[in-house]
Amino acid sequence: MPTPSDPAVLYPEVAARGSLAAALRAEAERRPGHGCVPFKASDHQPLLHATAESLLPHRAPLEISASRHERRWSIRGTEPFQGVPLVDGGTADLAQLAAAARAWHDGTALDGIRRAAPFVHLTGRIETPDPDPALMAESEWQGLRRQAEELEYVWRDTHRALIEAAYAQPALRALYPFTSHWALRFSVTTRPDLTVVGPRLSAGSDGRYGVGRSMASSDLGVFATAREAVAVAVRHLPSGLGPVTLGG
């Protein structure tokens, strides 16, 4: 792994201000008509890390980090109940970074944050002002669908077909989805405390689909199509499953 560079060399304008938070605050204040964004510096690595509070209670502080190996900042904006990201992305432009933090702080809609700072990547999840478990489950489905569209692996199409086939099944769509080692799993509770139910579904690099009762197994069969595999998974769901509830 390359040796980390001196942050003061990679980010001289940050070093001149004493912290990433101070540099971002100065950059944000250059924009006329805007109030101060409450940036907070890291106690341990102030040149590399900062956060930006939001006016919205259902947004956690935006996490802002600097790379030690190249001039590049990354962001991660999550919701506070589950800690799952709504936005992320990376840029080498401090002004763009400040614009994203400003939009996150001001409560700008997620697609508006991307318009304000085009480097911002939307994860596909839905912002949920209240911890509604059904909406949180739908948000995770949308996040998985977006992720499947954006994969760059050779098995992207197989994985995407699996996600879409599962989403098309009402019995599975009503559950909270998640992936583990790229296998699709289901829960009757949301994060942070998942309650796993039913079999796992996997998309193989050979274009086939496995269904199993454990992480390392396809004991319920291997199938040529995602639709066949999903149908088997539905048949092996426990009976009497109720609506998804909050975990934790």
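Anything mentioned here points back to the structure above.
Residues numbered from 1 in each chain as written. Predicted model: local features only at pLDDT ≥ 70, side-chain atom pairs only at ≥ 80, totals over all residues. Heavy atoms only, no water.

K.L.:
Any chance you could break down the packing of helix 3 (residues 20-29) against helix 4 (residues 94-106) for me, citing the residues and the numbers?
P.N.:
Direction vectors running N to C along helix 3 and helix 4 enclose 85 degrees, while the axes themselves pass 9 Å from each other. Comparing the axis directions of helix 3 and helix 4 gives the class roughly perpendicular. Between helix 3 and helix 4, the contacting residues are Leu20, Ala23, Leu24, Glu27 and Ala28 on the first element and Leu94, Ala95, Leu97, Ala98 and Arg102 on the second. The residue inventory of the contact of helix 3 with helix 4, partitioned by class, reads eight nonpolar, no polar and two charged. (Axes fitted to C-alpha atoms, helices over the stretch in contact; angles between N-to-C directions. Helix = DSSP H or I, 4+ residues; strand = E, 2+ residues; numbered from the N terminus. Parallel < 35°, antiparallel > 145°, perpendicular 65-115°, else oblique. Contact = heavy atoms within 4.5 Å. Nonpolar A, V, L, I, M, F, W, Y, C, P; charged D, E, K, R; others polar.)

K.L.:
Provide a residue-level description of the sheet that holds strand 4 (residues 73-78), including the pertinent values.
P.N.:
Note: strands within a sheet are paired through backbone hydrogen bonds, in either parallel or antiparallel orientation. In space, the six strands of this open sheet follow the order 1-2-3-4-5-6, with antiparallel pairing throughout. The open sheet has two free edges, formed respectively by strand 1 (39-41) and strand 6 (121-122), since each of these has just one partner strand. Across two bridges, the pairing between strand 5 (residues 85-91) and strand 6 is antiparallel. Bridged to aspartate 88 within strand 6 is histidine 121. Against the sheet, helix 4 contacts strand 1, strand 2 (49-52), strand 3 (62-66), strand 4 and strand 5, and its axis sits at roughly 10 degrees relative to strand 4. (Pairing = 2+ DSSP bridges.)

K.L.:
Provide a residue-level description of the sheet that holds strand 10 (residues 209-212), including the pertinent values.
P.N.:
An order of 7-8-9-10-11 is seen for the five strands of this open sheet, with the pairing classed as antiparallel. Bordering the open sheet on either side are strand 7 (176-180) and strand 11 (221-223), each of which pairs with just one other strand. Shown here is a sheet whose adjacent strand axes are inclined to one another by a mean of 25 degrees, direction ignored. Here strand 7 pairs with strand 8 (residues 183-187) via five bridges, running antiparallel. Within strand 8, the position partnered with serine 180 by the bridge is alanine 183. Sitting on the sheet, helix 6 (residues 133-150) is in contact with strand 7 and strand 8, with an inclination near 40 degrees to strand 7. Of the strands in this sheet, strand 9 (196-203), strand 10 and strand 11 touch helix 9 (residues 226-235), which is tilted by about 10 degrees from strand 10.

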